[in-house]
Amino acid sequence: MSVLKTSLRSFFAHKWRMVLSGMAVVLSVAFVCGTLVFTATMNTTFNALFSVTASNVMVAPAGQDGDMDMEGAGAATGRPETIPGDLVDDVSAIDGVDEVTGVVASTSAVVVDDRNESISPSTGAPTIVSNWSRIDARSMEVVEGSPPEGAAQVMVDLDTADNSDLALGDELRLVTAFGDFPVTVSGIAEFEVTNPGAAIFFTDLPRAQEYLLGGADELTNIYVDSDGRITDEALKGDIAAAIGADTYKLQTADEYIEENQDAIGEVLSILEYILLGFAGLALLVGIFLIVNTFSMLVAQRTREIGLMRAIGSSRRQVNRSVLIEALLLGTIASLVGFGVGIGLAVGLMAVMSALGLNLSTEDLTIDWWVPLVGVALGVLVTVIAAYIPARRAGKISPMAALRDPGMPGDIRAGRIRAGIGATLTVIGLASLLGTAITDDSVGASGLLALGILASLLGLVLVGPALVGLVVRAISVVLLRMFGPVGRLAERNALRNPRRTGATASALMIGLALVAGLSVVGSSMVASATDEIDNALGADYIIQTGNFTPVLPEVSRAIDEALEGLGEVSPVHQMEGEIEAADGSSEEIWLGASPSTYADAVEMNVAEGDFADVYEGDTVSVAADWAETAGVGVGDEVTLTFDGGDAATLTVAAVVNTGSTMSFPWNVSLDTMESHVPEERRALPFVVFATAGDGQQEAARAALETAMEPYPQMEVRDQAEYKDLIQSQVGILLNMVYGLLALAIIVAILGVVNTLALSVIERTREIGLTRAIGLSRLQLRAMICMESIVIALFGALVGLGLGMLWGLSGQQILAMEGMKVLEIPWGTIIFVFFGAAVVGLFAALIPAFRAGRMNVLNAIATE
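Description of the overall build of the chain
Helix and strand counts for the chain come out as 25 helices and 24 strands. Here the contacts in the chain between residues at least 6 apart in sequence split such that 83% fall between residues at least 24 apart.

Here you go:
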């Protein structure tokens with residue numbers, strides 16, 4: 001009981017010293033709990049949508065993979081997968097069926113308003129057009145006007161109407177693979193459950209078949225509701241017996257809900273793993289902060305602990321006293337972190353709602369195990385981090401009560417640590433070097449992962465041994481010019497290498513990741529830019545803003561615009577399966593294009609002539625597959641087209657993989673048209689346009705004029721396409737940097753905490769230096785310089801390590817064709833000097849506090 005009382009008194013006596021360490025735990029636990037609550041709420045919200053819209057049994061085309069991925073909804077061909085419309089009558093005649101609803105839906109439509117602007121979500125979510133039915137009425141309520149009835153009427157969801165400023169009577173254009181149709185808004189419907197984020201337009205069934213299927217009497221889905229006399233499984237069996245078990249895809253309500261849950265779960269799991277990964281990174285950084293905090297508290301309490309040992313406290317009791325303090329810190333911080341995590345989840349829901357996916361706090365889902373996981377994680381990390389300082393406290397002898405406070409480090413333990421760190425660092429650097437000399441991308445990825453982990457752990461362990469060398473080097477450049485104040489700052493940073501190394505390591509981790517990702521991102525952009533310069537012969541690239549297929553109306557407009565001004569090379573993308581004579585097969589993405597494509601894009605050909613792909617039934621294949629399958633130019637392979645038949649083709653060229661501009665697998669348009677029915681042919685996903693000599697300006701003007709009615713289309717020249725790639729990579733990197741900011745914030749807290757405790761530890765020393773003439777301004781400058789040196793030490797090691805990671809990562813990219821290495825020196829230099837600013841910022845509060853100390857009281861401090 002006395003140990004607990006001692007721990008409680010010590011904890012509350014030093015409560016303000018614990019606050020910053022607790023903040024690291026709060027942020028990390030908040031990120032973990034917030035992520036878990038947010039993803040659980042998303043699942044709950046979508047489950048409600050799936051449950052409301054599900055019927056007892058649903059019938060769909062055999063190839064449809066579910067509603068969430070929208071495959072089979074016309075994503076590539078512009079025409080969704082369908083089933084015969086007369087199945088409604090066949091299913092309606094089955095005993096036990098109460099009502100049957102036929103639905104036609106597609107994601108390959110574009111809606112344009114009267115201002116000639118595309119009405120599509122800016123988040124990349126699809127535009128869905130379908131017929132209004134009682135299935136939709138289960139999840140939506142008509143709030144204005146009326147449902148569509150008859151020709152040229154559409155109803156729009158409320159969120160889309162608000163975002164695009166649509167009202168009843170507004171005239172729109174519906175552009176599909178079957179034409180350009182004028183329509184008028186007849187009604188607005190509001191979701192009673194979540195809005196999945198898409199822009200949704202409804203017509204009646206005849207118009208949906210006309211606009212989306214070219215007038216065919218077909219459907220994309222049939223919803224079957226039973227009269228309640230038989231189970232869903234029994235009804236499904238009866239329907240299968242009537243229409244064919246293997247001809248169509250049949251699902252009960254439970255199967256439909258489960259499939260969609262799995263689909264949304266796959267999407268959410270990616271986000272969840274990313275967020276939890278950064279939470280783990282913040283926890284790792286927080287460990288250094290907690291270790292530093294308890295190490296300094298133990299050092300400051302050396303005399304107190306020695307007295308406790310002198311009056312009879314055992315080593316175990318002292319050890320337990322420190323661990324109980326850690327347990328209290330971890331518990332309190334974790335509970336606060338759980339509360340902050342709930343707020344974080346609500347904030348993420350607000351962000352998603354702003355992006356169009358409306359999430360209600362009424363659906364906020366907090367599973368019972370979430371707070372348990374958060375608290376257990378925070379407590380475990382805190383106690384583990386405090387274990388080493390606790391052991392060190394237990395080793396303090398009673399004689400320490402007679403010495404000045406402060407406890408020298410264990411020299412033997414330091415040497416062992418440095419030896420282990422050096423070994424791991426060498427292993428890590430050797431693994432990183434191995435990525436440059438291996439030809440196997442899978443093996444290189446494994447080496448990269450090992451290299452990152454080993455080098456990171458190694459430098460963390462060997463960090464204290466590097467403090468003397470690196471800090472002195474930085475001081476020569478930065479501090480010596482400030483005279484005695486600079487030398488004092490240097491000596492303070494060198495005084496406890498273990499503490500300085502741990503503080504800097506927290507910052508090192510975040511900056512190493514920033515540097516590594518910057519090198520990889522810049523190299524990706526530089527490689528793509530180099531390929532555009534060297535391989536792209538076309539003057540213009542024409543594609544949709546959200547990378548959906550180019551509709552036939554648009555293709556015709558492009559052809560007419562460039563007639564007499566240049567050549568057009570549409571590239572169609574489709575799935576297929578290729579098989580060699582030895583049985584080696586692979587599922588592939590295949591490009592189909594006209595012969596002009598050979599001039600628009602220069603292929604990286606390893607064998608043969610790419611132009612021969614357009615001579616007869618021939619194909620180009622990927623070099624890595626050709627090597628594995630033992631296939632070369634002149635050999636025959638069997639290519640099965642998705643939606644078409646199997647064809648025996650001759651290999652005309654072997655193309656190196658890794659191109660960002662083209663597919664290694666290619667056939668001619670004639671070959672595709674010979675083996676794929678018209679209704680199953682993929683639409684172009686990009687169109688390359690090459691202007692004739694001296695016709696560039698005229699061609700650009702003609703293209704822009706032709707694309708005016710189609711605001712979803714983008715016409716870019718080579719420079720604009722480079723900017724697009726750079727912006728896309730930049731957006732991705734900025735998102736990652738934003739998440740890394742969490743770890744860097746925790747690292748900043750570590751610097752603040754270390755300096756604050758260091759000021760307390762050096763109270764008498766500060767008083768003495770003030771007494772012999774050091775001014776308040778000089779004292780504050782000294783502490784700021786010390787902080788800047790620690791931050792620059794972490795930045796120098798972190799950026800150097802991160803650049804090695806980035807160089808190794810680029811070597812793996814080079815195996816995929818991205819061969820240009822570019823180091824973003826501007827970013828590296830900015831981050832380095834930014835670290836100095838971070839160090840200065842972190843020192844402001846401790847420095848201000850030190851400057852306010854009373855000199856006599858400081859000298860009298862025990």
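Remarks on the confidence of the model for the chain
Per-residue pLDDT for the chain has a mean of 83; in total, 90% of the residues score no lower than 70. Taken together, the stretch residues 67-73 has pLDDT below 50 and engages in 20 contacts with residues farther than four places along the chain or on a different chain.

Considerations on the nonpolar core
Counting residues in each nonpolar core, the largest one holds 118 residues, and the members touching the most others are L511, I783 and F793. Counting residues per element, this core draws most heavily on helix α23 (residues 776-815), at 18 residues. Those residues in contact with F793, other than ones at most four positions away along the chain, are G463, L466, V467, V470, V471, I474, T500, G501 and A504. Membership of the second largest hydrophobic core comes to 40 residues, among which are V59, I119, I188 and L250.

Here's the deal with the pairing of strand β20 (residues 636-641)
On β20, burial follows the alternation: V637, L639 and F641 on one face are buried, whereas E636, T638 and T640 on the facing-out side are not. Of the strand pairs in this sheet, strand β16 (residues 566-579) and β20 are connected by 4 bridges, and their pairing is antiparallel. Of the residues in β20, the one forming a bridge with G576 is F641. Bridge count for β20 against strand β21 (residues 646-655) is 5 bridges, and the pairing is antiparallel. From the neighbouring strand, V637 faces β21, where its bridge partner is L649.

Re the sheet that holds strand β14 (residues 248-252)
Ordered in space as β3-β13-β1-β14, the 4 strands form an open sheet in which the pairing is antiparallel. Unpaired on one side and paired on the other, β3 (97-103) and β14 mark the two borders of the sheet. Strand-to-strand twist in this sheet, taken as the mean axis angle between neighbours without regard to direction, amounts to 20°.

A short note on the pattern of salt bridges
In the structure shown here, the tally under the stated rule is 18 salt bridges. With a shortest N-O distance of 2.7 Å, R79 and E218 are connected by a salt bridge. A residue pair is termed long-range when its members are at least 10 positions apart, and R79 in the loop between β1 (57-61) and β2 (83-84) and E218 in strand β12 (residues 218-219) qualify at 139 residues. Take R79: its relative accessible area is 18%, and that puts it in the buried class. Looking at E218, the relative accessible area reads 22%, which means it is partly exposed. In this structure, the salt-bridge partner of D114 is R115, at a minimum N-O distance of 3.8 Å. In this structure D114 comes out as exposed when scored by relative accessible area, which is 55%. Look at the salt bridges and you will find they share partners, linking E99, R134, R138 and D225 into a network.

Here's the deal with helix α24 (residues 825-851)
Given a rise of 1.5 Å per residue, 27 residues ought to cover 39 Å, and the 38 Å separating the end C-alpha atoms of α24 matches this to within 8%. Of all the bends in α24, the largest measures some 40° and sits at L844, one to four residues before the proline P846. All of the buried residues along α24 are I828, V831, A835, A836, G839, A842, A843, P846, A847, A850 and G851.

Concerning a negative patch on the surface
Residues E575, E577, E579, D582, E586, E587, D624, E627, D642 and E816 make up a contiguous surface patch of negative charge. Within the residue set of the negative patch, elements represented by two or more residues are β16, β17 (585-593) and α18 (623-629). Among the elements that line the negative patch, the one with the most residues is β16, at 3 residues. If you trace the backbone, E587 turns up in strand β17.

What to know about the packing of helix α16 (residues 552-561) against helix α20 (residues 696-707)
Two elements in contact, α16 and α20, have axes separated by 9 Å at closest approach and are oriented at 150°. Comparing their axes, α20 and α16 come out roughly antiparallel. The hand of the α16/α20 crossing is right-handed. Of the residues in α20, those touching α16 at V554, A557, I558 and A561 are A702, L703, A706 and M707. Among the residues making up the contact of α16 with α20, the classes are represented as 8 nonpolar, no polar and no charged.

A look at the environment of N492
Within the element layout of this structure, N492 appears in helix α14 (residues 483-495). Sequence separation of N492 and I783 is 291 residues, and the distance between their C-alpha atoms is 8.7 Å. Residues contacting N492, with those up to four places away along its chain left out, are R762, E765, M782 and E786.

Some remarks on the pairing of β21
Most of β21 sits inside the fold, with 7 of its 10 residues counted as buried. Note: strand β18 (residues 605-608) against β21, 3 bridges, orientation antiparallel. In the strand pairing of β21, G608 is matched with A653. As defined by bridge partners, strand β19 (residues 618-622) adjoins β21 across 5 bridges and the pair is classed as parallel. Bridge pairing in β21 links A622 to V655. The antiparallel pairing of β20 with β21 creates a hairpin that spans 4 residues between the two strands, and G643 there sits at a positive phi of about 85°.

Topic: the packing of aromatic side chains
Within the structure shown, the criterion is met by 8 aromatic pairs. Measuring from ring centre to ring centre gives 5.1 Å for W132 and F202, while their planes differ by 85°; the resulting arrangement is edge-to-face. Taken together, the residues span a long stretch of sequence, with W132 in the loop between β6 (127-131) and α4 (134-137) and F202 in strand β11 (residues 199-203) at a distance of 70 residues. Of the residues examined, F202 reaches a relative accessible area of 1% and is grouped as buried. Summarising the aromatic geometry, the rings of Y597 and F610 are spaced 6.3 Å apart at their centres and angled 70° between planes, so their arrangement reads as edge-to-face. Remark: F610 occurs in the loop between β18 and β19 and Y597 occurs in helix α17 (residues 597-600); sequence separation between them is 13 residues. A relative accessible area of 1% places Y597 in the buried class. Here the aromatic cluster, defined as three or more aromatic residues joined through ring pairs, consists of Y597, F610, Y614 and F688.

Describing the packing of helix α13 (residues 441-478) against α23
Taken N-terminus to C-terminus, the directions of α13 and α23 make an angle of 155°; their axes are 8 Å apart at the nearest point. Comparing the axis directions of α13 and α23 gives the class roughly antiparallel. Note that α13 runs across α23; the crossing there is right-handed. For the contact of α13 with α23, the class distribution of residues is 21 nonpolar, 7 polar and no charged.

Quick word on unusual backbone geometry
Backbone geometry at N116 places phi at a positive 60°, although glycine is not the residue there. By the secondary structure assignment, N116 is in the loop between β5 (110-112) and β6. Among the residues examined, N116 registers a relative accessible area of 31% and is labelled partly exposed. Backbone geometry at D165 places phi at a positive 55°, although glycine is not the residue there. The class for D165 is exposed, based on a relative accessible area of 58%.

Basis of the calculations
- Residues numbered from 1 in each chain as written.
- Predicted model: local features only at pLDDT ≥ 70, side-chain atom pairs only at ≥ 80, totals over all residues.
- Heavy atoms only, no water.
- Helix = DSSP H or I, 4+ residues; strand = E, 2+ residues; numbered from the N terminus.
- Contact = heavy atoms within 4.5 Å.
- pLDDT = per-residue confidence, 0-100.
- Core = buried A, V, L, I, M, F, W, Y, C linked by side-chain atoms within 4.5 Å.
- Buried < 20%, exposed > 50% of the residue type's maximum accessible area, 1.4 Å probe, protein only.
- Pairing = 2+ DSSP bridges.
- Axes fitted to C-alpha atoms, helices over the stretch in contact; angles between N-to-C directions.
- Salt bridge = Lys/Arg side-chain N within 4 Å of Asp/Glu carboxyl O.
- Expected span 1.5 Å × (residues − 1).
- Bend = angle between axes of the 7 residues up to and from the residue.
- Patch = residues over 30% accessible without salt bridge, like charges linked within 9 Å, V, L, I, M, F, W, Y side chains within 5 Å.
- Areas by Shrake-Rupley, 256 points an atom, 1.4 Å probe, with all protein chains shown as cover.
- Lys, Arg positive; Asp, Glu negative; His and termini not counted.
- Charge placed at Lys NZ, Arg CZ, Asp CG, Glu CD.
- Parallel < 35°, antiparallel > 145°, perpendicular 65-115°, else oblique.
- Left-handed = near helix turned anticlockwise from the far one by under 90°.
- Nonpolar A, V, L, I, M, F, W, Y, C, P; charged D, E, K, R; others polar.
- Phe/Tyr/Trp six-rings, centres within 6.5 Å; stacked < 30°, edge-to-face > 60°.

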